[in-house]
Number of protein chains: 4
Amino acid sequence: MKHPPIHYHDYLNIPSLLAGQKLRSEQLGKKAHDEMLFIIVHQTYELWFKQMLFELESVVDAFSQSSVPDTEMGTAVARLERMVEIQKFINGQIDILETMTPLDFLDFREYLYPASGFQSFQWRSLETLLGLKSDQRLNYNEQPFYKSLAPSEQGLMQKLMQSPSLFDLVEKWLERTPFLQSEGFDFWKKYQESVEKLFAEDRKVVETSSRLSESEKQRNLAQIEGSLNTFRAIFSEQDYKKLIDQGYFRISAKALQAALLIQLYREQPVLQMPFRLIQALGNLDENMTQWRYRHSLMAHRMLGRKIGTGGSSGHEYLKAATDKHKIFSDFFNLTTFLIPRSMVPPLPKALERKMNFQI
Amino acid sequence: MKHPPIHYHDYLNIPSLLAGQKLRSEQLGKKAHDEMLFIIVHQTYELWFKQMLFELESVVDAFSQSSVPDTEMGTAVARLERMVEIQKFINGQIDILETMTPLDFLDFREYLYPASGFQSFQWRSLETLLGLKSDQRLNYNEQPFYKSLAPSEQGLMQKLMQSPSLFDLVEKWLERTPFLQSEGFDFWKKYQESVEKLFAEDRKVVETSSRLSESEKQRNLAQIEGSLNTFRAIFSEQDYKKLIDQGYFRISAKALQAALLIQLYREQPVLQMPFRLIQALGNLDENMTQWRYRHSLMAHRMLGRKIGTGGSSGHEYLKAATDKHKIFSDFFNLTTFLIPRSMVPPLPKALERKMNFQI
Amino acid sequence: MKHPPIHYHDYLNIPSLLAGQKLRSEQLGKKAHDEMLFIIVHQTYELWFKQMLFELESVVDAFSQSSVPDTEMGTAVARLERMVEIQKFINGQIDILETMTPLDFLDFREYLYPASGFQSFQWRSLETLLGLKSDQRLNYNEQPFYKSLAPSEQGLMQKLMQSPSLFDLVEKWLERTPFLQSEGFDFWKKYQESVEKLFAEDRKVVETSSRLSESEKQRNLAQIEGSLNTFRAIFSEQDYKKLIDQGYFRISAKALQAALLIQLYREQPVLQMPFRLIQALGNLDENMTQWRYRHSLMAHRMLGRKIGTGGSSGHEYLKAATDKHKIFSDFFNLTTFLIPRSMVPPLPKALERKMNFQI
Amino acid sequence: MKHPPIHYHDYLNIPSLLAGQKLRSEQLGKKAHDEMLFIIVHQTYELWFKQMLFELESVVDAFSQSSVPDTEMGTAVARLERMVEIQKFINGQIDILETMTPLDFLDFREYLYPASGFQSFQWRSLETLLGLKSDQRLNYNEQPFYKSLAPSEQGLMQKLMQSPSLFDLVEKWLERTPFLQSEGFDFWKKYQESVEKLFAEDRKVVETSSRLSESEKQRNLAQIEGSLNTFRAIFSEQDYKKLIDQGYFRISAKALQAALLIQLYREQPVLQMPFRLIQALGNLDENMTQWRYRHSLMAHRMLGRKIGTGGSSGHEYLKAATDKHKIFSDFFNLTTFLIPRSMVPPLPKALERKMNFQI
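Residues numbered from 1 in each chain as written. Chains lettered and ligands numbered in written order. Predicted model: local features only at pLDDT ≥ 70, side-chain atom pairs only at ≥ 80, totals over all residues. Heavy atoms only, no water.

A. Spotlight on the interface of chain D and chain B. Counting residues at the interface gives 34 residues for chain D, matched by 35 residues for chain B. When chain D packs against chain B, close to 2,900 Å² is buried across both sides, 57% of that on carbon and sulfur atoms. At the junction of chain D with chain B, the criterion picks out four salt bridges. In this structure, the salt-bridge partner of Glu85 of chain B is Lys88 of chain D, at a minimum N-O distance of 3.2 Å. Of all the secondary-structure elements, those providing two or more residues to the side of chain D that touches chain B are α5 (70–91), α11 (187–207), α15 (269–303) and α18 (349–354) of chain D. (Contact = heavy atoms within 4.5 Å. Buried area = accessible area lost by both parts, 1.4 Å probe. Salt bridge = Lys/Arg side-chain N within 4 Å of Asp/Glu carboxyl O. Helix = DSSP H or I, 4+ residues; strand = E, 2+ residues; numbered from the N terminus.)

Printed below as a string of structure tokens:
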């Protein structure tokens, strides 16, 4: 009533939406029926990428503030969770593409050269804005990845590569966590004490065991020492720096500590949403990893493999990228440093009070 | 090499694809974040509808031939199965839309008036081309459904309504089934004999039972008579005609018999693909039914309900259409007339031979 | 080390788990291949029902406390969300069952009499513990539903029917919401003012419109009045009582108000988890509804339908139950009473402060 | 009526089914809520594995016949497709397990030692019966895989390892394909001619191109030669034998040729079901591969990773097995040898006739 009426047809730009599927096979040779599916699958992907970027940008905006208001956390988390929901959904879309057989693909494959999913600006933007760093990326065709984008997009991508990513912003946000060091509670110190105690107990169980032979005892003690060393690696600033240099970690020591604190005290009201945020980031990364892996299988299926030549094929690139292009692995790897609930240092009452609502 | 090179960006018409999301809330008032999701969900639906229509049209073409070559059956079935795969997939898409809360929808709902999914030309085309008849449809806003389409689409729809649907073509194809009546084998007669025998045996079990009291026997015998009557309804031409008039069936008697024959002898090589075809049609219908039902739930959730007024709401229309707009119910209802494998009349060897390959 | 070692085989009770599939067709007649699938599908359902009950009971326990600690809200919500995840998953399981054709089902259907999914104690427990009331249930075989359970289960069910359900507990919890009435803020009064203002504005737009004829104006004004009446129905205690009597609502007036408050101010930290809780309850109900509907379609497909007899069939019972057995409809229908964000009464600063964390 | 009545409760062995979830944490320490989910997820997996084995065994039986009757092909394919459907479904089940956080897992992880999914007899049986060879398997804990099974299962597994797998039987069945060599048509010779012709044409396009410089021509010609060599590798018996020795292929030359023939002429009625069979085998393998990969991600998430020690972790084992344990890769790799439809040698009319039905 208050606004001009509009028809579904115009609101959704249906005419232009449905005019965008031109079969190259039809234009250049013989119409290949399955090319339509190929185009539509990729176009729906691009629409969903647009949606994911739209959500991601809004979360990046929220985290670009010097301090993220608590009233915005619920929305930020819900938007990341929506991204996760979209990912799960579009990962299943490959099932539809695979109703096209390799022989059907061969009917139009020759017309597509050199178009490739590697040239998707939006997918690359998603990776970049989430936090994939250029020096972490595999080269593609012996060139930096952005060279494969359309000329009009290369500048935009370089700009995006220089702006802060979600990874960067979440790292800064974690570093600002106020509970790492409050009066009467030094989280990192307490945590280390718990870890040492935990392993001391394990050691004692072994040493006093009547079931184990002397040599079994030695083997077990060595294992315990090994596990403890894994923990100790993050206890010293220098050692942690080395792990970063070796590529084991990317996140700053302080942000890592905050992420651990959020995990271990996640039931505290003030940490409930931060905990969900960290979970959502891990889910995002896991789903992107699955997507890459699934694509490498599909590329293998559709394109086959070369025998005896040195050239790397599409699916091998994709498989290599599957692991290498993970962004939030550090949150995944947090598990390594969890300790059993019974060993988690208790919070002082005053601190618990602060973590709760005013009411 | 043989063809001009092309970039992913141009092949998929990315610029125009990604320019088609104009937030009305932004143009007319205050930008509502979730309107983007709303638009993208509907646009991806429309792309998938295009794909489904594309597959459906190719199957309709195949079945428009005076005789469908056996070499085309595999492809026809595969394309219907692809449609089923797409349906299953997009039915899940509502989960994503429902990450938008009703309050978020309210942020832009007022700008959409009177746009509505009921105005989707492609969805209506799918229903029509599959075989939904105009007189079977619920009115929408007290008008025939096609009046709600964009003016440019109404003529196209009326033309489509007059051309043969997949239902019509499959019916004709079933009627041509050569095995209903071959030398030495009258399927329909044999089938009736089996049915009568089956019920005679059931009757005997009851009559000779020592566990049942006289009144229980009477009740059981009445039930058996009732079930037998269900079968007998399709044995007489006149009775079947009545059932069609009453809306119990739509398919012709001969096509129904052929569909039963295909079910009962589906392991014969010549019937393996026809059996899959019938299954695919049932799946298509079931998935469309689920989609309508799911949409009625979503509409309820997003729009709420009116209290005390007489006006029918969106979700009530959708719920009513859920059952009424089924197209291939007859294939669903076939089950009613199946008989146990042990009672299926054996085929003469010569006929079995004909149903197999030359080799 | 500290505990006795255990093998996967024993931990999961594999031998007894895998001994529980006895094909009745094999015991009583001729082995029917697909009976295995039928059994396994139902057994996995029962295992998932056990899991859902396990989660539900823990949430019921949490809400049985006189006051639910804020530190337990995150876990309660996560468990309800897990239930939703399980539901979504097992709703898809019907696709697997439907790889069994009706003719294959006929191979063993006669051996199952009168076993039926209606006899599932765990499913009935889930409905009851969530809050489905006995007088809301359809009769089954002209008897109260619990009469169809195994004798050993009927007593347990009657006990469960008398203990508080999640619906009851959530209603009480909502009624305790401390923000409905705090110094300087009477939510319900403010909300009513906003509603009246909203409709006054709508009325003015119509009355001053130059595009509308006099009769159109009258029609529009009548519509506005109708919508406003929908709202007014919940403004008066007496009218609301009537709506409860008529079955429009089940929830108490005070709990309804609290649920609305949570929706409208969900970004406040203290309401973020309650909002997710309400969403999860709506999702649970929607998924159960879909499950019932999907089952009615499957029953139709597997069993066919009777013609001309009066007896109601399985799928018709299931379809009727689909709507009638909804439990949290009131949360669904909340949408009816949402108002645009711009009209939501602002919270006093002091109240906003209380809704935030201490820190 | 004819059979003794049975209740749902007894038919499904509900009491014993629901008695099989004993929380070790409760028995040995403090009840960990999420252990129930852990048990139920694994038990439903085992039930589905039983179902898959049941289907697989029936297909193995069918293919153990000296000649597979055409009337059994439809059922065999439907059962493999059902297995694929089950796989897709249970691959999604990991989403539910991942609603358990690593910290929750830590609450009971210590009680499970050394139980592990690697000890699942049914999963190992599935792999073995499909065709995974012992010498293809990674060692687990420096021992052959079957040593990790329960003692009672090790003998059964060794027996299974010696009986023919589906891979073996399908290979034999392919070798028996009657169309490789019929009067007037030598498929393998014709296929080779087409391949040579295809590459000759490509070569000519390059040589006569006016767009390419001399050095570009040389590079292109070298590439063409490389691709042609890939094909030639399967043209000579000796070369193919070498590829088998090098692990590029496992399937016999003759079976490979038959599989190619089926792909290229799949629209012929007699090949429609064989084509679907080959597709189903590829899908089975792809889904198992995805399952392994997904599990490696989950193991990583749940268990973290060791730093600086040499010990391989669970998720690294799983990732390594992901590729190495593929069974039907040869069917995947078939794509490598497809040629465009326009180059597929036409069948003689007489042969086409033989491939069709008698009718």
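Having put the structure on the table, let's press on.
B. Structural detail: the interface of chain A and chain B. Every contact between the two is made by 70 residues of chain A and, on the other side, 70 residues of chain B. Interface area, chain A with chain B, both sides summed: about 6,400 Å², of which 66% is carbon and sulfur. The shortest N-O distance in the salt bridge between Arg82 of chain A and Asp34 of chain B comes to 2.9 Å. There are 38 residue pairs in polar contact (both at pLDDT 80 or more) connecting chain A and chain B. In terms of residue count, helix α4 (residues 35–63) of chain A provides more of the side of chain A that touches chain B than any other element does, 18 residues in total. (Polar contact = N/O pair within 3.5 Å; in protein donor to acceptor, adjacent residues only side chain to side chain.)

C. Fine view of the environment of Leu138 of chain C. Residues and elements named next belong to chain C. Relative to the helices and strands, Leu138 resides in the loop between α8 (121–130) and α9 (151–162). On the basis of relative accessible area, Leu138 is assigned to the buried category, the value being 19%. A sequence separation of 183 residues divides Leu138 from Ala321, and the C-alpha atoms of the two residues are 6.7 Å apart. Residues within four places of Leu138 in sequence aside, it is in contact with Tyr317, Ala320, Ala321, Lys324 and His325. (Buried < 20%, exposed > 50% of the residue type's maximum accessible area, 1.4 Å probe, protein only.)

D. Quick look at the relation of the copies chain A and chain B. By a simple turn and slide, chain A fits onto chain B: the slide is 0.0 Å along the axis, the RMSD is 0.0 Å, and the turn is 180°. Both copies of the chain, as the preceding transformation shows, are related through a two-fold rotation axis. Comparing interface residues between copies, 100% of those in chain A also lie at the interface in chain B; the contact surface is shared. (Least-squares fit on C-alpha atoms with pLDDT ≥ 70 in both.)

E. Up close: helix α12 (residues 214–232) of chain A. Residue and element names in this part refer to chain A. Helix length check: α12, at 19 residues, gives a terminal C-alpha distance of 26 Å against a target of 27 Å (1.5 Å per residue), a fit within 8%. Lys217, Asn220, Leu221, Ile224, Gly226, Leu228, Thr230 and Phe231 are the residues of α12 that are buried. Elements that come into contact with the buried residues of α12 comprise α11 (187–207). (Expected span 1.5 Å × (residues − 1).)

F. Representation of the environment of Ala320 of chain C within the structure. Residues and elements named next belong to chain C. As for its placement among the helices and strands, Ala320 is situated in helix α16 (residues 314–324). Exposure remark for Ala320: the relative accessible area of 38% places this residue in the partly exposed category. C-alpha of Ala320 to C-alpha of Arg292: the two residues are 28 residues apart in sequence and 9.3 Å apart in space.

G. Structural detail: the relation of the copies chain D and chain B. For the match of chain D to chain B, the screw axis carries a shift of 0.0 Å, the RMSD comes to 0.0 Å, and the turn is 180°. Of the residues that chain D buries at the interface, 100% are likewise interface residues in chain B, meaning the two copies contact each other through the same surface.

H. Quick look at the packing of helix α8 (residues 121–130) of chain A against helix α15 (residues 269–303) of chain A. Residue and element names in this part refer to chain A. At their nearest, the axes of α8 and α15 sit 12 Å apart, and the two run at 145° to each other. Note on packing geometry: the crossing formed by α8 with α15 is left-handed. In contact with Trp123, Glu127 and Leu130 of α8, α15 contributes Leu284, Met288, Trp291 and Arg292. Grouping the constituent residues of the contact of α8 with α15 by class yields five nonpolar, no polar and two charged. (Axes fitted to C-alpha atoms, helices over the stretch in contact; angles between N-to-C directions. Left-handed = near helix turned anticlockwise from the far one by under 90°. Nonpolar A, V, L, I, M, F, W, Y, C, P; charged D, E, K, R; others polar.)

I. Quick peek at the pattern of salt bridges. Applying the stated criterion to the full structure yields 103 salt bridges over all chains. The partner of Arg276 of chain B in a salt bridge is Glu81 of chain B, with the nearest N and O atoms 3.5 Å apart. Taken together, the positions of Arg276 of chain B in helix α15 (residues 269–303) and Glu81 of chain B in helix α5 (residues 70–91) put the pair 195 residues apart, joining distant regions of the chain. Take Glu81 of chain B: its relative accessible area is 26%, and that puts it in the partly exposed class. Measuring nitrogen to oxygen at the nearest pair gives 3.1 Å for the salt bridge that ties Asp95 of chain D to Arg294 of chain D. Residue Asp95 of chain D is found in helix α6 (residues 94–97), and its partner Arg294 of chain D is found in helix α15; the two are separated by 199 residues along the sequence. The exposure class assigned to Arg294 of chain D is buried, which follows from its relative accessible area of 8%. Three or more residues joined by partner-sharing salt bridges are found here, namely Asp95, Glu98, Arg294 and Arg301 of chain A together with Glu286 of chain D.

J. Inspection of the confidence of the model for chain A at higher detail. With 97% of its residues at a pLDDT of at least 70, chain A reaches an overall mean of 93. Among the prediction metrics, the complex's ipTM stands at 0.95, with pTM recorded as 0.96. (pLDDT = per-residue confidence, 0-100.)

K. The arrangement of the side chain of Asn356 of chain B in detail. Within the fold, Asn356 of chain B resides in the segment after α18 (349–354). Taking relative accessible area as the criterion, Asn356 of chain B reaches 16% and is therefore assigned buried. Residues within four places of Asn356 of chain B in sequence aside, it is in contact with Pro269 of chain B together with Asp70, Asn356, Phe357 and Gln358 of chain D.

L. Fine view of the packing of α4 of chain A against helix α4 (residues 35–63) of chain B. Interaxial distance between α4 of chain A and α4 of chain B falls to 10 Å at its minimum, and their mutual angle equals 175°. On the basis of the axis angle, α4 of chain A is roughly antiparallel to α4 of chain B. Residues Met36, Leu37, Ile40, Val41, Gln43, Thr44, Leu47, Trp48, Lys50, Gln51 and Phe54 of chain A of α4 of chain A form the contact with α4 of chain B, whose participating residues are Met36, Leu37, Ile40, Val41, Gln43, Thr44, Leu47, Trp48, Lys50, Gln51 and Phe54 of chain B. (Parallel < 35°, antiparallel > 145°, perpendicular 65-115°, else oblique.)

M. Looking closely at unusual backbone geometry. Note the cis peptide between Tyr113 of chain C and Pro114 of chain C, where omega equals -10°. Structurally, Pro114 of chain C can be placed in the loop between α7 (102–106) and α8. Located in the positive-phi region is Asn13 of chain A, a residue other than glycine, with phi close to 55°. Locating Asn13 of chain A in the fold gives a position in the loop between α1 (8–11) and α2 (14–18). Residue classification places Asn13 of chain A among the partly exposed residues on the basis of a relative accessible area of 27%.

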